[in-house]
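# Chain and residue survey
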Number of protein chains: 2
Amino acid sequence: MSGEQNGIRVLVADDHAVVRAGIVALLASEPDITVIGEASDGEQAVERALTLRPDVVVMDVRMPGLTGDAATARIREHDTAVRVLVLTTYESDASILAAIEAGASGYLLKAAPAEELIAGVRSVAAGEVALSPAIATQLVSRMRAPTPSSLTPRETEVLRLVAEGLSNRAIGERLFVGEATVKTHLLRAFEKLGVNDRTRAVTLAMERGLL
Amino acid sequence: MSGEQNGIRVLVADDHAVVRAGIVALLASEPDITVIGEASDGEQAVERALTLRPDVVVMDVRMPGLTGDAATARIREHDTAVRVLVLTTYESDASILAAIEAGASGYLLKAAPAEELIAGVRSVAAGEVALSPAIATQLVSRMRAPTPSSLTPRETEVLRLVAEGLSNRAIGERLFVGEATVKTHLLRAFEKLGVNDRTRAVTLAMERGLL
DNA sequence: CCTGCCGTCCACCGATCGGTGGACCCGAGA
DNA sequence: TCTCGGGTCCACCGATCGGTGGACGGCAGG
């Protein structure tokens, strides 16, 4: 293991320089936490996580190139000792599940107060799980939901084209299937989302980060 | 005036603690810049801007309560000596125009490198205008666009209800007008956005931050 | 003053959509 | 093995939508 007496060794990954500096500044003010590196995209995060072997990686979900989820998965694939704490701007983000499945040990909102972030890093370093209250709530409600509200790849694809303003027929042509098929997918998607019109379906799917 | 020899006095306003800390950390490392205060929402920003009278207010567009635009307008209404530098996460944000009309002296992306932010603060303090390259491009393209793509309040209102999945008739009832009126507003909005269906209109308006 | 722009409203049409109730194939897992 | 879920397709209906071509009042700016 690393850092029993040196404190918690942290790697910070975020594409926004401003945010990165913020996290570093907040964490550096804590005596038991040391920021040992930074990364500005997913690939860099993976690379540095594997070479520096920090105790905790604080990672933004949305990054150019490799997504936070994907980077998390790749890191944990190679080195399970490195724990990942994921940060997000929006609480309504479908990638919450993705990140947790990818092996993240925590999921916090960027809007969270400084103490929450710091406490989160300590929890994760200690092997515990750290979740923002808002995120925890969302997770629970998603677990008990009868509909996993997970769209099939095809449904998602159709919905994305709907979002672009295509008609059912046009979507059919684009996907090389009949209009009837498109309507079927769409109706199923409506059902899962609990709506009955295409526009609401699109906005809802966007809110949930399904698109 | 203030701060000829004390350096540039800055007030930082952002609802995200992490980002706020980041901006402060970045600016504080510059000898000619002093952060004299912070605010976590619009009202606070206005209040502190007027009492502290900083040279520059670095302000996020999206904040709970009072928007960045609104806060900017209110500050400049009372004290034109205070200049405002607005930060945004997305380059496709309709509030760019709003902020500039409100009297902002600069508009930067949060993704901007640290040097850009610092240079921006210096420029704005010197009375110049600071724009991110991406934002400047967008501004120009919007100026030369035949359609200002600005929806009337009523059109925006209708479009927002469309986004919620309401039918034209339902929207009419909600707004106490006839269905025909709703259709008129919608058609005009389609025209301005260059689309011909409600769903695309909504997604486009969202992309442009018009909703 | 009068020329826009905005908001309101009307009638009418064809096109598209939402919804029903089927059907078939296939691959994965019980 | 057989069931179940995803993906494909069909016909048919009423409802809604997109689009046209008007109309009228108000009020702000030239």
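To be clear, the structure that these remarks concern was listed above.
Worth saying up front: this structure is predicted, and the values here are computed from it rather than measured.

## What to know about the protein's contact with DNA strand C
- Neighbouring DNA strand C are 19 residues; A:Lys183, B:Thr152, B:Arg154, B:Gly178 and B:Thr184 lie closest to it.
- Among the atoms of DNA strand C lying within 4 Å of the protein, the sugar-phosphate backbone contributes 67%.
- One nitrogen or oxygen atom from the side chain of B:Thr184 is found 2.9 Å from a base nitrogen belonging to DNA strand C.
- Between DNA strand C and B:His185, the relevant distance is 2.9 Å, taken from a phosphate oxygen to a side-chain nitrogen or oxygen of the residue.
- Every element with two or more residues in the surface near DNA strand C is listed here: α8 (168-175) and α9 (179-193) of chain A together with α7 (153-163) and α9 (179-193) of chain B.
- Here the element with the most residues in the surface near DNA strand C is α9(B); it accounts for 5 residues.
- Classifying every residue of the surface near DNA strand C gives 5 nonpolar, 8 polar and 6 charged.

## Description of helix α8 (residues 168-175) of chain B
Residue and element names in this part refer to chain B.
- Here α8 has its buried residues at Asn 168, Ile 171, Gly 172 and Leu 175. Considered in projection along α8, the buried side chains sweep an arc of 105° and stay on one side of the axis. Opposite the buried face of α8, at more than 90 degrees from it, the exposed residues are Arg 169 and Glu 173.
- Lining the buried residues of α8 we find α7, α9 and α10 (198-207).

## Brief notes about the relation of the copies chain B and chain A
- If you rotate chain B by 179° and push it 0.1 Å along the axis, it lands on chain A with an RMSD of 0.7 Å. Expressed as a symmetry operation, the mapping of one chain copy onto the other fits a two-fold axis. Across chain B, the smallest distance between a C-alpha and the rotation axis is recorded for B:Gly22, namely 1.5 Å.

## Quick word on the packing of α7(B) against α8(B)
Residue and element names in this part refer to chain B.
- With their axes 10 Å apart at the nearest point, α7 and α8 run at an angle of 125° to one another. Of the possible angle classes, the one that applies to α7 and α8 is oblique. Crossing of α7 over α8 shows right-handed handedness. In this structure, α7 uses Arg 154, Glu 157, Val 158, Leu 161 and Val 162 to contact α8, whose residues at the interface are Ile 171, Arg 174 and Leu 175.

## Some points on the nonpolar core
- Judged by nonpolar contacts, the single largest core of 44 residues is most densely connected at A:Leu27 and B:Leu27.
- The residues contacting A:Leu27, other than those within four sequence positions of it, are A:Val10, A:Val12, A:Ile33, A:Val35, A:Val58, A:Leu117, A:Ile118 and A:Val121.

## Structural notes on the side chain of B:His185
Residues and elements named next belong to chain B.
- Within the secondary structure, His 185 sits in helix α9.
- By relative accessible area, His 185 is classed as buried at 18%.
- Leaving out residues up to four positions away in the same chain, His 185 has contacts with Arg 154, Glu 155 and Val 158.

## Let's talk about unusual backbone geometry
- A positive phi angle is found at A:Phe176, which is not glycine, with a value near 60°.
- Considering the arrangement of structural elements, one finds A:Phe176 in the loop between α8 and α9.
- You can call A:Phe176 exposed: its relative accessible area is 76%.
- With a phi angle near 50°, B:Arg53 is a residue other than glycine that sits in the positive phi range.
- Relative to the elements of secondary structure, B:Arg53 occurs in the loop between α2 (42-52) and β3 (56-60).

## Comments concerning the protein's contact with DNA strand D
- Among the 19 residues in the neighbourhood of DNA strand D, the closest are listed as A:Thr152, A:Arg154, A:Gly178, A:His185 and B:Lys183.
- Protein-adjacent atoms of DNA strand D, using a 4 Å cutoff, are sugar or phosphate at a proportion of 68%.
- Here a phosphate oxygen of DNA strand D sits 2.6 Å away from a polar atom, N or O, in the side chain of A:Arg154.
- One of the backbone nitrogen or oxygen atoms of B:Arg198 is found 3.0 Å away from a phosphate oxygen of DNA strand D.
- If you list the elements that add at least two residues to the surface near DNA strand D, you get α7 (153-163) and α9 of chain A together with α8 and α9 of chain B.
- It is α9(A) that provides the largest number of residues to the surface near DNA strand D, a total of 5 residues.
- Of the residues belonging to the surface near DNA strand D, the class tally is 5 nonpolar, 8 polar and 6 charged.

Each value, and the rule that gives it
Residues numbered from 1 in each chain as written. Chains lettered and ligands numbered in written order. Predicted model: local features only at pLDDT ≥ 70, side-chain atom pairs only at ≥ 80, totals over all residues. Heavy atoms only, no water. Near = heavy atom within 4 Å. Polar contact = N/O pair within 3.5 Å; in protein donor to acceptor, adjacent residues only side chain to side chain. Helix = DSSP H or I, 4+ residues; strand = E, 2+ residues; numbered from the N terminus. Nonpolar A, V, L, I, M, F, W, Y, C, P; charged D, E, K, R; others polar. Buried < 20%, exposed > 50% of the residue type's maximum accessible area, 1.4 Å probe, protein only. Arc of directions from axis to C-beta. Contact = heavy atoms within 4.5 Å. Least-squares fit on C-alpha atoms with pLDDT ≥ 70 in both. Axes fitted to C-alpha atoms, helices over the stretch in contact; angles between N-to-C directions. Parallel < 35°, antiparallel > 145°, perpendicular 65-115°, else oblique. Left-handed = near helix turned anticlockwise from the far one by under 90°. Core = buried A, V, L, I, M, F, W, Y, C linked by side-chain atoms within 4.5 Å.

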